[in-house]
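Coordinate inspection notes
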Amino acid sequence: MLIFYRILILLMLVWGTVYLAGEPAYSVHLYLIALYLFVTYFELRGNPFHRGVYHLLIILLLANAGIQFFFLKEPNILSGFVSLFFAFFAWQAVRRFSR
């Protein structure tokens, strides 16, 4: 399972770099997904980050969803919903740590 996360993180970073010149908003979306997977990878290994990292990740993912929905000339609804789902999952992780 952890190898799968490593492959996905690497894939998102490479894919984000490929789209960096042509579609920078989509590239930032892919980098944020890679960041979420990176944080989740360390959580699964049993060495989670501090709550502040999760809160920052939630804010960044929600901002990305807002940008994907409202501020692009051609809104990318799927990317916005993916960001919202990952923000929700990160929020659930923060709630799980507080118990």
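With respect to helix H2 (residues 24–44)
With 21 residues, H2 extends 30 Å between its outermost C-alpha atoms, agreeing within 8% with the 30 Å of an ideal straight helix rising 1.5 Å per residue. Looking one or two residues past H2, Gly 46 carries a phi angle of roughly 95°, positive in sign.

Re the nonpolar core
Counting residues in each nonpolar core, the largest one holds 22 residues, and the members touching the most others are Met 12, Tyr 36, Leu 37, Leu 57 and Leu 61. Mapped by element, the contributors of at least two residues to this core are helix H1 (2–18), H2, helix H3 (51–71) and helix H4 (77–97). The greatest single-element share of this core, amounting to 10 residues, is contributed by H2. Beyond its immediate chain neighbours, meaning those up to four positions away, Leu 37 contacts Tyr 5, Leu 8, Ile 9 and Met 12.

Re the pattern of salt bridges
Under the criterion given, the structure shown has 1 salt bridge. Across the salt bridge formed by Glu 43 and Arg 96, the nearest N and O atoms sit 2.5 Å from each other. Of the two residues, Glu 43 sits in helix H2 while Arg 96 sits in helix H4, which places them 53 residues apart along the sequence. Accessibility expressed as a relative area gives 47% for Arg 96, which makes it partly exposed.

Re a nonpolar patch on the surface
On the surface, Leu 62, Ile 77, Phe 81, Leu 84, Phe 85, Phe 88, Phe 89 and Trp 91 cluster together into a nonpolar patch covering about 760 Å² of accessible area. Ranked by the residues each element gives to the nonpolar patch, the list is headed by H4, at 7 residues. Position of Leu 84 among the secondary structure elements: in helix H4.

Section: the environment of Leu 72
Tracing the sequence through the fold places Leu 72 in the loop between H3 and H4. Distance from Leu 72 to Ala 25, taken between C-alpha atoms, is 8.2 Å for residues 47 residues apart in sequence. Ignoring sequence-local partners within four residues, the contact set of Leu 72 consists of Ala 25 and Ile 67.

Points about the environment of Pro 48
Relative to the helices and strands, Pro 48 resides in the loop between H2 and H3. Pro 48 sits in the partly exposed class, given a relative accessible area of 36%. C-alpha separation for the pair Pro 48 and Glu 23, spaced 25 residues apart in sequence, amounts to 32 Å. When neighbours within four sequence positions are excluded, Pro 48 is seen to be in contact with Phe 42, Glu 43, Tyr 54 and Phe 97.

What about the packing of H2 against H3?
At a minimum axis separation of 11 Å, H2 and H3 run at an interaxial angle of 155°. By the angle between their directions, the pair H2 and H3 is classed as roughly antiparallel. Relative to H3, the crossing made by H2 is left-handed. The segment H2 lies against H3, with Ala 25, Tyr 26, His 29, Leu 32, Leu 35, Tyr 36, Val 39 and Glu 43 engaging Val 53, Tyr 54, Leu 57, Leu 60, Leu 61, Asn 64 and Gln 68. Class assignment of the residues belonging to the contact of H2 with H3 gives a composition of 11 nonpolar, 3 polar and 1 charged.

Definitions and limits used
Residues numbered from 1 in each chain as written. Predicted model: local features only at pLDDT ≥ 70, side-chain atom pairs only at ≥ 80, totals over all residues. Heavy atoms only, no water. Helix = DSSP H or I, 4+ residues; strand = E, 2+ residues; numbered from the N terminus. Expected span 1.5 Å × (residues − 1). Core = buried A, V, L, I, M, F, W, Y, C linked by side-chain atoms within 4.5 Å. Buried < 20%, exposed > 50% of the residue type's maximum accessible area, 1.4 Å probe, protein only. Contact = heavy atoms within 4.5 Å. Salt bridge = Lys/Arg side-chain N within 4 Å of Asp/Glu carboxyl O. Patch = residues over 30% accessible without salt bridge, like charges linked within 9 Å, V, L, I, M, F, W, Y side chains within 5 Å. Areas by Shrake-Rupley, 256 points an atom, 1.4 Å probe, with all protein chains shown as cover. Axes fitted to C-alpha atoms, helices over the stretch in contact; angles between N-to-C directions. Parallel < 35°, antiparallel > 145°, perpendicular 65-115°, else oblique. Left-handed = near helix turned anticlockwise from the far one by under 90°. Nonpolar A, V, L, I, M, F, W, Y, C, P; charged D, E, K, R; others polar.

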